[in-house]
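# Per-entry structural report
What follows is each chain in one-letter form.
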Amino acid sequence: MNNEKVNILNLTQEELTEFLVSLGLKKFYGKEVFIWLHKKIIRNFDDMTNLSLKDREILKENAYIPFFNLLKHQVSKLDRTEKFLFELEDKGTIETVLLRHRDSKNKEIRNTLCVSSQVGCPVKCSFCATGQGGYMRNLSVSEILNQVYTVERRLRKKDESLNNLVFMGMGEPLLNIDNLSTALSIISNENGINISKRKITISTSGVVPGIEKILLEKIPIELAVSLHSAINEKRDQIIPINKNFPLEDLSAVLVEYQKQTKRRITFEYILIDNFNISEVDANALADFIHQFDHVVNLIPYNEVEGVEHKRPSMKKIDRFYNYLKNVRKVNVTLRQEKGSDIDGACGQLRQRNKKGDN
């Protein structure tokens, strides 16, 4: 239906302006239409009331504004985490998670959106549900944006808004760095939703060329590295991409990242029983991260159906945490689990291809 029309949500403000001029519309409409799309988040050309009726008809004939079909919405009874299952135009599906935190200083609710970057995931980490469902494709710019905008619209109805974005949903963000970079430029545009890139975190399993591109383009985001083991042989087993970008290469690019950005790096470390929680593992982790201004975020494994990994006991978790903190002087935290009762916690997002598989 929309094959011959332009998806204008994919366009930057400059591209949008060029497109409108090519239709014979006034150049200043570029900014006006961009504001309607990205700040006011409208989804109907008729709502662009400062455009003439004739110009709105021209837009309808030549362009369209995509939106998501919400297949399922779940709210955690434990912590009000919300999970959204969205259907895309090609019937692929993705999941997006809204995390709600209470600010310790002013007691206000802060909203963080966990955004997906791909349909499925090609990295196939052994502990993650997303990779088990296979990989279809990268998300387009508009599909990245629509996750943010769909949730933001819902929050605005409650006089709330999004405070932070984390690209920790389905997929490896740095394997979709081109579309992600464009989406970030739109999200942080002062004429759009205007979320500062300093409030945006990208999580990666260690895609070295993607980190290099962040440095090359000077994208001022926060970086989180899914480490999960600081021993190459073990990391190979659970994160196959480590064979392409081993710890030595990852370390080198992170040194350069921190040298250029002066930003603290978050290292994510999933605790898997009888695999990566021994004293040897703790020492390898400490040795790897001590060269960085760091925080290590320990994440007790969230068990996934069909995956053999198990969650350690709290006794083992506490022992590993205390050894890192008190013996090796690592800046370490233990993540508070959110949304586990709706499979919204770390590693639990799945790709659903059928409406009945919710």
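Since the structure is predicted, the reported quantities are computational estimates derived from the model, not experimental observations.

## Some remarks on the overall build of the chain
- Of the regular secondary structure elements, the chain holds 11 helices and 14 strands.
- A globule of 358 residues ought to have a C-alpha radius of gyration of about 21 Å, and the chain, at 21 Å, matches this closely.
- Taking the principal axes of its C-alpha atoms as reference, the chain extends roughly 70 × 45 × 45 Å.
- In the chain, buried positions account for 56% of the 358 residues.
- Counted over contacts in the chain with a minimum sequence separation of 6, partners at least 24 positions apart contribute 64%.

## Points about helix α1 (residues 13-22)
- Those residues of α1 that fall on the buried side of the exposure criterion are Q13, L16, T17, F19 and L20. Take α1 and look down its axis: the buried residues cluster within an arc of 165°, on one side only. Across α1 from its buried face, at more than 90 degrees, point the exposed residues E14, E18 and S22.
- In this structure, the buried residues of α1 make contact with β1 (6-7), α2 (29-38), α3 (53-62) and β2 (63-64).
- Where α1 terminates, the next one or two residues include G24, which has phi positive at roughly 90°.

## Some remarks on the pairing of strand β5 (residues 93-102)
- For β5, the buried fraction is high: 8 of the 10 residues fall into the buried class.
- Sheet topology places strand β4 (residues 82-87) next to β5; 6 bridges connect them, and they run antiparallel. Bridge assignment links F84 to a residue of β5, and that residue is T96.
- What sits between the antiparallel neighbours β4 and β5 is a turn of 5 residues, in which K91 has the positive phi angle 75°.
- As defined by bridge partners, β5 adjoins strand β6 (residues 109-114) across 6 bridges and the pair is classed as antiparallel. Looking at β6, one finds that H101 is bridged to R110.

## Concerning the sheet that holds strand β11 (residues 222-226)
- Pairing is mixed in the open sheet, where 10 strands are placed in the order β3-β4-β5-β6-β9-β10-β11-β12-β13-β14. The open sheet is flanked by β3 (69-75) and β14 (332-334), the only strands paired with a single partner. Looking at each pair of strands side by side, their axes are set apart by 20° on average, direction ignored.
- Pairing of strand β13 (residues 294-300) with β14, which is carried by 3 bridges, proceeds in the parallel orientation. Residue pairing across strands places V296 opposite V332, the latter belonging to β14.

## Describing the UniProt feature "binding site: S-adenosyl-L-methionine" (unreviewed entry) in the chain
- UniProt feature "binding site: S-adenosyl-L-methionine" (unreviewed entry): in the numbering of this structure it lies at G171, E172, S203, S226, L227, H228 and N302.
- Tracing the chain through its elements places S226 in strand β11.
- The class for S226 is buried, based on a relative accessible area of 15%.
- Discounting chain neighbours no more than four positions away, the residues touching S226 are S203, T204, S205, R235, I239 and E268.
- At 3.4 Å, the side chain of S226 and the side chain of S203 are in polar contact.

## Overview of the nonpolar core
- Core analysis: the largest hydrophobic core is formed by 106 residues, its most contacted members being I8, M48, L165, L254 and F267.
- By residue number, the principal contributor to this core is helix α5 (residues 141-156), which donates 7 residues.
- When residues no more than four places from it in sequence are discounted, the contact partners of M48 are V33, W36, L37, I42, R56, L59 and I65.

## A short note on the environment of R156
- As for its placement among the helices and strands, R156 is situated in helix α5.
- Classification of R156 by relative accessible area gives partly exposed; the value is 34%.
- Linking R156 and R328, residues 172 residues apart in sequence, is a C-alpha distance of 45 Å.
- Setting aside chain neighbours within four positions, we find R156 in contact with K39, K40, I41 and I193.

## Here's the deal with the environment of M170
- Looking at where M170 falls in the secondary structure, it is placed in the loop between β9 (164-167) and α6 (177-187).
- Classification of M170 as buried rests on a relative accessible area of 0%.
- Expressed as a C-alpha distance, the spacing of M170 and Q260, which sit 90 residues apart in the sequence, is 28 Å.

## Remarks on the packing of α5 against α6
- Between α5 and α6, whose axes approach to 8 Å, the crossing angle comes to 45°. Classified by the interaxial angle, the pair formed by α5 and α6 is oblique. In this structure, α5 crosses over α6, and the sense of that crossing is right-handed. On the side of α5, the interface is formed by V141, I144, L145, V148 and Y149, while α6 contributes N179, L180, T182, A183, I186 and I187.
- Along the lines of polarity and charge, the residues of the contact of α5 with α6 split into 9 nonpolar, 2 polar and no charged.

What counts and how
- Residues numbered from 1 in each chain as written.
- Predicted model: local features only at pLDDT ≥ 70, side-chain atom pairs only at ≥ 80, totals over all residues.
- Heavy atoms only, no water.
- Helix = DSSP H or I, 4+ residues; strand = E, 2+ residues; numbered from the N terminus.
- Rg over C-alpha atoms; globule rule 2.2 N^0.38 Å.
- Buried < 20%, exposed > 50% of the residue type's maximum accessible area, 1.4 Å probe, protein only.
- Contact = heavy atoms within 4.5 Å.
- Arc of directions from axis to C-beta.
- Pairing = 2+ DSSP bridges.
- Axes fitted to C-alpha atoms, helices over the stretch in contact; angles between N-to-C directions.
- UniProt positions renumbered as here; feature names shortened; annotations may be inferred.
- Polar contact = N/O pair within 3.5 Å; in protein donor to acceptor, adjacent residues only side chain to side chain.
- Core = buried A, V, L, I, M, F, W, Y, C linked by side-chain atoms within 4.5 Å.
- Parallel < 35°, antiparallel > 145°, perpendicular 65-115°, else oblique.
- Left-handed = near helix turned anticlockwise from the far one by under 90°.
- Nonpolar A, V, L, I, M, F, W, Y, C, P; charged D, E, K, R; others polar.

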